[in-house]
Amino acid sequence: MKKRLVLVLFGLVSVIASSQNKKQHIIELLSNKTETSENVDFYISEVIDNRIYKDNIGIAQKGIFNKKVLSNFKNPFQDEILNYIHTIFPVDSLKKPLILRINQLLISEKTGAFKETGKAIISLDILTKKDNDTYYLEGSFSAYREKNSADVTGKHNDRIRAVLKDCLMQFERSLIYGEKPEPRVISLSTSLKPAILNEQVKEGFFTTFLELYNNTPFVDSLIKFKANRNRPDKLFLEERSHKRALYYAFSNGKSVYINASNYSGEKHFVKTERVKDFLLFNDTFVHTEQASEMSLAFGVLGLMASNSNSHVMLDIYSGQFHIIDANKMKVLLIKDYPKLYEDYNKDRNNIKLMKDILEQVFINEDSEKLRTIFKF
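Because the structure is a prediction, the values reported are computed rather than measured.

The rules behind the values
- Residues numbered from 1 in each chain as written.
- Predicted model: local features only at pLDDT ≥ 70, side-chain atom pairs only at ≥ 80, totals over all residues.
- Heavy atoms only, no water.
- Helix = DSSP H or I, 4+ residues; strand = E, 2+ residues; numbered from the N terminus.
- Contact = heavy atoms within 4.5 Å.
- Areas by Shrake-Rupley, 256 points an atom, 1.4 Å probe, with all protein chains shown as cover.
- Salt bridge = Lys/Arg side-chain N within 4 Å of Asp/Glu carboxyl O.
- Buried < 20%, exposed > 50% of the residue type's maximum accessible area, 1.4 Å probe, protein only.
- pLDDT = per-residue confidence, 0-100.
- Pairing = 2+ DSSP bridges.
- Phe/Tyr/Trp six-rings, centres within 6.5 Å; stacked < 30°, edge-to-face > 60°.
- Lys NZ or Arg CZ within 6 Å of the ring centre and 35° of its normal.
- Axes fitted to C-alpha atoms, helices over the stretch in contact; angles between N-to-C directions.
- Core = buried A, V, L, I, M, F, W, Y, C linked by side-chain atoms within 4.5 Å.

Novice: Tell me about the overall build of the protein chain, residues and numbers included.
Specialist: If you tally the helices and strands in the protein chain, you get ten helices and 17 strands. A sequence separation of at least 24 residues applies to 66% of the contacts in the protein chain between residues at least 6 apart. Summed over all atoms, the accessible surface of the protein chain reaches about 20,300 Å², with 52% contributed by carbon and sulfur.

In structure tokens form, the structure reads like this:
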């Protein structure tokens, strides 16, 4: 009887938890009744959603137990952003139209002993478009807002408004003080096959995955990396300014280094290893779905417990990151490659071993099979 009662109670808790997990914190940027329009010589004509993960904009905490839930806008991402921006930068056909390409927009909350901290982070590019459908990058900007209070959940909309406005006013100041760099041509289209699969990767920084795909980096001589003999697989910036930390990737002409800020709060670039159509690396990585599940189920401690190094593959065709965990390796190897599976189990966190194993698998298997097994 007791056993049956425990099972029933467990089932009820699971159902309740499942139903609560599906609830999202909805954020609206309108109506905007506190900000007035800015006197600038431009307006925003379009918003491009260039985020890696598009299913949410971060995690908020709800209720007296600070239950973590995913957050999202009430309206489609581009519409929510554009409608707000038009309230402070009104459309005017006599002014210059600009395009926003948003690479990252995230909110978060952290609960301390006596206060909560709400954060918002954004990274975006400002583009212009010519008559022949040629796009020019006018500048890349980022902003960060943090606020402490007893309850920060209700003010996420204010912080998102603030970081959006901060970036656009940074652009305005660069125009006023003559600090804006020369526009450079970029491509928003992609070839059928990524350029970096056909040619040697070029040296420089890649603003987004699209530039990496097309092998079109740019050189920024102001950015320097620290020497770090103890961490040869990582590059650390000498100047940890927020903007520079948000470039998507860097190449020294031989290897590609992915910026950890794409998938975590870390400020370093991690070295990747090319494995056919993928870039393989090993780093502290929590996938968006895992992060939401962990945080919803176990709170902050769950995320901390899962915050360990993992093998990750970046699909060069799609730009998607995928964790290669022990279960996936078992499915891949145990039947057809038992010796490789035995080798993998001897040192699971060894990236050189992982690369060797995958390269041997690729002798007999194509990329599509791996995408299926790893759910790419």
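Novice: For the pattern of salt bridges, give the residues involved together with the corresponding values.
Specialist: When the charged atoms of two side chains lie near each other, side chains of opposite charge can form a pair. Tallied over the full model, the rule gives 17 salt bridges. Notably, a salt bridge pairs Glu273 with Lys355, separated by 3.2 Å at the nearest N-O pair. A residue pair is termed long-range when its members are at least 10 positions apart, and Glu273 in strand 14 (residues 273-275) and Lys355 in helix 9 (residues 351-364) qualify at 82 residues. Since its relative accessible area comes to 24%, Glu273 is described here as partly exposed. Several salt bridges converge on common partners, so that one network encompasses Glu35, Glu38 and Lys165.

Novice: With reference to specific residues and values, describe the confidence of the model for the protein chain.
Specialist: Per-residue confidence for the protein chain gives a mean pLDDT of 82, with 83% of residues at or over 70. Note on residues 5-21: pLDDT is under 50 here. Beyond four places in sequence and across chains, it has four contacts. Low confidence marks residues 288-306, where pLDDT is under 50. Its contacts with residues over four positions away, or in another chain, come to 24 contacts.

Novice: I'd love a proper account of the pairing of strand 6 (residues 116-129), names of residues and values included.
Specialist: In terms of residue burial, strand 6 counts as a mostly covered element, since twelve of its 14 residues are buried. One ladder, built from twelve bridges, connects strand 5 (residues 96-111) with strand 6; its direction is antiparallel. From the neighbouring strand, Lys110 faces strand 6, where its bridge partner is Thr117. Pairing of strand 6 with strand 7 (residues 135-149) involves 14 bridges; the strand directions are antiparallel. Bridging from a neighbouring strand, Ile121 pairs with Tyr144 of strand 7. If you look at the hairpin formed by strand 6 and strand 7, you'll find five residues sitting between the two strands, and Asp133 has a positive phi there, around 65°.

Novice: Provide a residue-level description of the sheet that holds strand 12 (residues 256-259), including the pertinent values.
Specialist: Taken in spatial order, the five strands of this open sheet run 9-11-12-13-10, and their pairing is antiparallel. The sheet is open, and its two edges are formed by strand 9 (204-206) and strand 10 (234-235), each paired on a single side. Bridge analysis of strand 12 against strand 13 (residues 269-271) gives three bridges, and the strand direction is antiparallel. What sits directly across from Asn259, in strand 13, is Phe269.

Novice: Give me the lowdown on the environment of Val256, citing residues and values where you can.
Specialist: With respect to the helices and strands, Val256 occurs in strand 12. Given a relative accessible area of 6%, Val256 falls into the buried group. Residues Val256 and Phe206 lie 50 residues apart in sequence; the distance between their C-alpha atoms is 9.9 Å. Apart from residues lying up to four places away in sequence, Val256 is in contact with Val201, Leu212, Ala249, Phe250, Val270, Lys271, Thr272 and Leu279.

Novice: So what's going on with the side chain of Ser255? Residues and values would help.
Specialist: Residue position: Ser255 is located in the loop between strand 11 (249-251) and strand 12. Those residues within four positions of Ser255 in sequence are excluded, and the remaining contacts are Phe250 and Lys271.

Novice: Could you give me a rundown of the packing of aromatic side chains, with the residues and numbers involved?
Specialist: Counted according to the given criterion, the structure contains 18 aromatic pairs. Residues Phe205 and Phe250 carry aromatic rings whose centres are separated by 4.9 Å and whose planes lie at 45° to one another, so their mutual orientation is tilted. Of the two residues, Phe205 sits in strand 9 while Phe250 sits in strand 11, which places them 45 residues apart along the sequence. For Phe205, a relative accessible area of 3% gives the class buried. Three or more aromatic residues link up through ring pairs in this structure, and these residues are Phe205, Phe218, Phe225, Tyr247, Phe250, Tyr257 and Phe269. Stacked on the ring of Tyr136, the Lys or Arg Lys130 has its end atom at 5.5 Å from the ring centre.

Novice: Give a detailed account of the sheet that holds strand 8 (residues 184-186), specifying residues and quantitative values.
Specialist: If you walk across this open sheet you meet the five strands as 2-5-6-7-8, and the pairing is mixed. A strand with exactly one partner marks an edge of an open sheet, and here the two such strands are strand 2 (42-49) and strand 8. For this sheet the average axis-to-axis angle between neighbouring strands, irrespective of direction, equals 45°. Of the pairings in the sheet, the one linking strand 7 to strand 8 comprises three bridges and is antiparallel in character. Across the sheet, residue Tyr136 finds its bridge partner in strand 8, namely Val185. Of the strands in this sheet, strand 2 and strand 5 touch helix 2 (residues 77-88), which is tilted by about 165° from strand 2. Along the sheet, helix 3 (residues 156-176) contacts strand 2, strand 5, strand 6 and strand 7; its crossing angle with strand 7, the most-contacted strand, is approximately 140°.

Novice: Lay out the nonpolar core in plain terms, naming residues and giving numbers.
Specialist: Of all hydrophobic cores here, the largest spans 33 residues; its most connected members are Ile81 and Leu164. Breaking this core down by element, the ones donating at least two residues are strand 2, helix 2, strand 5, strand 6, strand 7 and helix 3. With residues near it in sequence (within four places) discarded, Leu164 still touches Leu29, Ile81, Tyr84, Ile85, Ile102, Ile122 and Leu124. By size, the runner-up hydrophobic cluster in this structure holds 24 residues, among which are Ile52, Phe206, Leu279 and Leu314.

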